[in-house]
Amino acid sequence: MEMPKMKIDVCNLSKSYSTRTKTTHALEQVTFSVDNGEILCILGHNGAGKTTLIKSICGLLKPDSGDVLIDGISSVKDTAYAHRKCGTVLEGSRNIYYYLTAYENLQYFGILNGLTQKQIQTDAERYLQLFDLKAFRNVPASAFSRGMQQKLAITVALMKQPEILLLDEPTLGLDILSSESVIQLLKDLAQERKLSILITTHDIHLIEQLNCRLIFMNHGKISCDSSLSKLKQESRNARYRVTWQMQTEPLPTDAQTQQQQNDIVIFETEDISWLAHHIASPQLVQIEKCNQSVAEIYKGVMGHV
């Protein structure tokens, strides 16, 4: 059986920024691959190298060494190819013209990317409706709120019908309903159109809802590459929910009581030694591992690098 072709291969990518007094290593030997139709979220502190990575993949930034291959073609050597294949939204909605209306932005970028007038009209109407911008189609983008500008920026990126979607904080400034629309759209694009989607984000809700592969970056290096579900199972800071029949035996010192009725108490703890000591106790009614939140996983991963 033929293995699916990799859409993106990031190969030993390195990039540094230097001033007279300091050299910052934004990327150091970063290597990973992304399949067709895969969603990948890139997490890390500010300055971890996430945006530099996105810019390097789409050909906006030339790395010091290493390469990015899109269908086997180097985006470092052939930046025009990378620009055609990638739809990119950088933080700050930088891919829209503020003096143009919403529809004019979509029309302009549609023409720029070689779409027919019929395609432009069909796609523009669809995305304006989807992102709740239809009533503002003839309003200049300069009059939009930050959230509306972000939605328009994502729509512009989609108008070129890209095969790769690179999003830098895509839900920043969006209200709950708009954020939910973006999340569902990303799922649909990955599943139906097999777009490879790379997202940098601090949005915990977005990560939870996408339930996808995560890469954690720290000081320009990848510190962890795994799926959210696997990280929840293997979290270093595992917490357990215990149903306990209280008598004279003291609870663990870190016990967080969730519920108590008569002599039965339900609490959560991370004290593995206490659990191991009492695992055969007749007072133990039930024990189960708690699902770790994204925030807890993030702290666990980034706290050990």
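Residues numbered from 1 in each chain as written. Predicted model: local features only at pLDDT ≥ 70, side-chain atom pairs only at ≥ 80, totals over all residues. Heavy atoms only, no water.

## Quick look at a nonpolar patch on the surface
On the surface, Tyr97, Tyr99, Tyr108 and Leu112 cluster together to form a nonpolar patch covering roughly 460 Å² of accessible area. Counting through the fold element by element, tyrosine 99 comes out in the loop between strand E6 (86-89) and helix H3 (102-112). (Patch = residues over 30% accessible without salt bridge, like charges linked within 9 Å, V, L, I, M, F, W, Y side chains within 5 Å. Areas by Shrake-Rupley, 256 points an atom, 1.4 Å probe, with all protein chains shown as cover. Salt bridge = Lys/Arg side-chain N within 4 Å of Asp/Glu carboxyl O. Helix = DSSP H or I, 4+ residues; strand = E, 2+ residues; numbered from the N terminus.)

## Thoughts on the packing of H3 against helix H4 (residues 117-130)
Here H3 crosses H4 at 140°, and the two axes come no closer than 10 Å. Between H3 and H4, the crossing angle belongs to the class labelled oblique. Relative to H4, the crossing made by H3 is right-handed. Residue-level contacts link Ala102, Tyr103, Leu106, Gln107, Gly110 and Ile111 of H3 to Gln117, Ile120, Gln121, Ala124, Glu125 and Leu128 of H4. Looking at side-chain class alone, the contact of H3 with H4 contains 7 nonpolar, 4 polar and 1 charged residues. (Axes fitted to C-alpha atoms, helices over the stretch in contact; angles between N-to-C directions. Parallel < 35°, antiparallel > 145°, perpendicular 65-115°, else oblique. Left-handed = near helix turned anticlockwise from the far one by under 90°. Contact = heavy atoms within 4.5 Å. Nonpolar A, V, L, I, M, F, W, Y, C, P; charged D, E, K, R; others polar.)

## A few points about the side chain of aspartate 67
Note on placement: aspartate 67 falls in strand E4 (residues 65-70). Buried charge without a salt bridge: aspartate 67, with lysine 77 as the nearest opposite-charge side chain at an N-O distance of 5.3 Å. Looking at aspartate 67, its side chain comes within polar contact range of the side chain of serine 74, at 2.7 Å. Sequence-distant contacts of aspartate 67, defined by excluding residues within four places in its chain, comprise Asp9, Val10, Cys11, Leu13, Ser74, Ser75 and Val76. (Buried < 20%, exposed > 50% of the residue type's maximum accessible area, 1.4 Å probe, protein only. Lys, Arg positive; Asp, Glu negative; His and termini not counted. Polar contact = N/O pair within 3.5 Å; in protein donor to acceptor, adjacent residues only side chain to side chain.)

## Some thoughts on the side chain of threonine 88
Mapped onto the elements, threonine 88 comes out in strand E6. Apart from the residues within four sequence positions on either side, threonine 88 is in contact with Ile54, Cys58, Asn95, Ala157 and Leu166.

## Concerning helix H1 (residues 50-57)
Along H1, 6 of the 8 residues are buried, which leaves the element largely enclosed by surrounding structure. If you check which residues of H1 are buried, you get Lys50, Thr52, Leu53, Ile54, Ser56 and Ile57. A positive phi of about 85° marks glycine 59, the residue just after H1.

## Re the sheet that holds strand E12 (residues 256-261)
Pairing within the open sheet is antiparallel, and its 4 strands lie in the order E12-E13-E11-E14. Of all strands in the sheet, those with a lone pairing partner are E12 and strand E14 (284-289), marking the two edges. Taking the axes of each pair of neighbouring strands and ignoring which way they run, one obtains an average angle of 15° across the sheet. For strand E11 (residues 240-245) and E14, the ladder comprises 5 bridges, and the chain directions are antiparallel. Residue pairing across strands places threonine 243 opposite glutamine 286, the latter belonging to E14. (Pairing = 2+ DSSP bridges.)

## What to know about the sheet that holds strand E9 (residues 213-218)
Ordered by their spatial adjacency, 6 strands build an open sheet running E6-E7-E8-E3-E9-E10, and the pairing between neighbours is mixed. Single-partner strands in this sheet number two, and they are E6 and strand E10 (221-227). If you compare each strand with its neighbour and ignore which way they point, the axes differ by 15° on average. Examined bridge by bridge, strand E3 (residues 39-44) and E9 share 5 bridges and lie parallel to one another. Bridge assignment links isoleucine 42 to a residue of E9, and that residue is isoleucine 215. Taken strand by strand, helix H5 (residues 146-159) contacts E6 and strand E7 (164-168), and its axis lies near 170° from that of E6.

## Things to note about the nonpolar core
Counting residues in hydrophobic clusters, the biggest one holds 52 residues, and the most contacted among them are Leu165, Leu186, Ile197, Ile199, Leu210, Leu214 and Phe216. Per element, the largest residue contribution to this core is 8 residues, and it comes from H5. Other than its neighbours up to four places away in sequence, phenylalanine 216 contacts Leu43, Lys221, Ile222, Ser223, Cys224, Leu231, Ile297, Tyr298, Val301 and Met302. By size, the runner-up hydrophobic cluster in this structure holds 25 residues, among which are Leu40, Ile70, Ile164 and Ile215. (Core = buried A, V, L, I, M, F, W, Y, C linked by side-chain atoms within 4.5 Å.)

## Considerations on the environment of threonine 52
One can find threonine 52 in helix H1. For threonine 52 and isoleucine 120, which are 68 residues apart along the polypeptide, the C-alpha to C-alpha distance reads 31 Å. Once residues within four sequence positions are removed from consideration, threonine 52 is found in contact with Lys15, Tyr17, Ala26, Leu27 and Leu61. Here tyrosine 17 takes part through its side chain, which lies 3.1 Å from a polar atom of the side chain of threonine 52.

## Some words on the pairing of E4
Sheet topology note: the E4/strand E5 (residues 73-74) ladder contains 2 bridges and is antiparallel. In the strand pairing of E5, leucine 69 is matched with serine 74. As consecutive antiparallel partners, E4 and E5 are separated by 2 residues, and within that stretch aspartate 71 has a phi angle of approximately 55°, a positive value.

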